[in-house]
Amino acid sequence: MKKKNLLILVCILTIALVTAACGSSEDKDQSAAGQIGSEMSDSVQNLIENGDDEPMGTINGENISKAYFKMRSELYRVCGAEKPAASAWEELKLEAAERGFAEAKGILPDEDEILEYTKQQRETAESTEESHNTVREMLQNIGMTEDYYWNVYKLKYESPVILTKGNIEKYKTANNLDKVDYKEVEAVITDKDYYESLN
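Residues numbered from 1 in each chain as written. Predicted model: local features only at pLDDT ≥ 70, side-chain atom pairs only at ≥ 80, totals over all residues. Heavy atoms only, no water.

## Quick notes on the nonpolar core
Reasoning step 1: Counting residues in hydrophobic clusters, the biggest one holds 35 residues, and the most contacted among them are M40, M56, I64, F69, M71, W89 and Y153.
Reasoning step 2: For this core, the elements supplying multiple residues, two or more each, are α3 (27-50), β1 (55-59), α4 (66-78), α5 (84-105), α7 (129-142), α8 (146-174) and α9 (192-197).
Reasoning step 3: No other element matches α4, which puts 7 residues into this core.
Reasoning step 4: Counting residues in hydrophobic clusters, the runner-up holds 5 residues, among them A102, I107, I168 and V180. (Core = buried A, V, L, I, M, F, W, Y, C linked by side-chain atoms within 4.5 Å. Buried < 20%, exposed > 50% of the residue type's maximum accessible area, 1.4 Å probe, protein only. Helix = DSSP H or I, 4+ residues; strand = E, 2+ residues; numbered from the N terminus.)

The structure is reproduced here in structure tokens:
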């Protein structure tokens, strides 16, 4: 996998899942993963330490903390997005719309699904030396242990979103739908200066 492809995949959402899933990583991929980890370190550490700190906005009445939004923006910045904060905000709005749709259709993943999915992803990540080394290097550079990533971070911030998207795709296939209509979300940026500082 070329570095460009790795960056695009990481941009979509995850910190380590995409590099773990490649299964045929080379030394240059480990180097790219390490670089991504280093660039993401500050925002991820800030999220771990501050979690649900003061909000920068709300989506459907739910607070979006500054720490979480900064981390999501950084994912886009690392990928070279021209407006990382704008990209992150649009993605969070989409995720809220997807969550609402999945809940209405009864396809929102439950805790058991999230645990099982995360377990499978860890097994995939650790199935080859190459993929495991790539994930390990990225997480080390971020300053996050493997156990924390898989048992805390991924369960809270990544797996629910990925599974929701997957369940919607299955719903579309089962119902022969090209697309689904999402309800409009109510999104308000309450700290515009903070938002703009990340663009």
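## Structural notes on the environment of V78
Reasoning step 1: With respect to the helices and strands, the residue V78 is situated in helix α4.
Reasoning step 2: As a C-alpha pair, V78 and Q35 span 43 residues in sequence and 9.5 Å in three-dimensional space.

## Let's talk about the confidence of the model for the chain
Reasoning step 1: Looking at the chain as a whole, the pLDDT averages 82, with 83% of positions reaching at least 70.
Reasoning step 2: Across residues 1-13, confidence stays below pLDDT 50; counting only partners more than four residues off in sequence or on other chains, it has 31 contacts.
Reasoning step 3: A low-confidence stretch, residues 16-28 stays under pLDDT 50, and its non-local contacts, those more than four residues away or across chains, total 29 contacts. (pLDDT = per-residue confidence, 0-100. Contact = heavy atoms within 4.5 Å.)

## Some details on the packing of α4 against α5
Packed helices, taken two at a time, are described by the angle between their axes plus the distance between the axes.
Reasoning step 1: The contact between α4 and α5 brings their axes to 8 Å, and the two run at 115 degrees. The handedness of the crossing between α4 and α5 comes out as right-handed. Each of Y68, F69, R72, S73, Y76 and R77 in α4 lies in contact with α5, whose residues at this interface are P84, A85, S87, A88, W89, E91, L92 and E95.
Reasoning step 2: Broken down by class, the residue content of the contact of α4 with α5 amounts to 8 nonpolar, 2 polar and 4 charged. (Axes fitted to C-alpha atoms, helices over the stretch in contact; angles between N-to-C directions. Left-handed = near helix turned anticlockwise from the far one by under 90°. Nonpolar A, V, L, I, M, F, W, Y, C, P; charged D, E, K, R; others polar.)

## Considering α7
Reasoning step 1: Between its first and last C-alpha atoms α7 spans 20 Å; for 14 residues at 1.5 Å apiece the expected length is 20 Å, and the two agree.
Reasoning step 2: The set of residues buried in α7 consists of S131, H132, T134, V135, M138, L139 and I142. Projected down its long axis, α7 shows its buried positions confined to an angular sector of 160 degrees, all on one face. Projecting away from the buried face of α7 at angles above 90 degrees are the exposed residues E129 and Q140.
Reasoning step 3: Phi turns positive one or two residues past the end of α7, at G143, with a value near 95 degrees. (Expected span 1.5 Å × (residues − 1). Arc of directions from axis to C-beta.)

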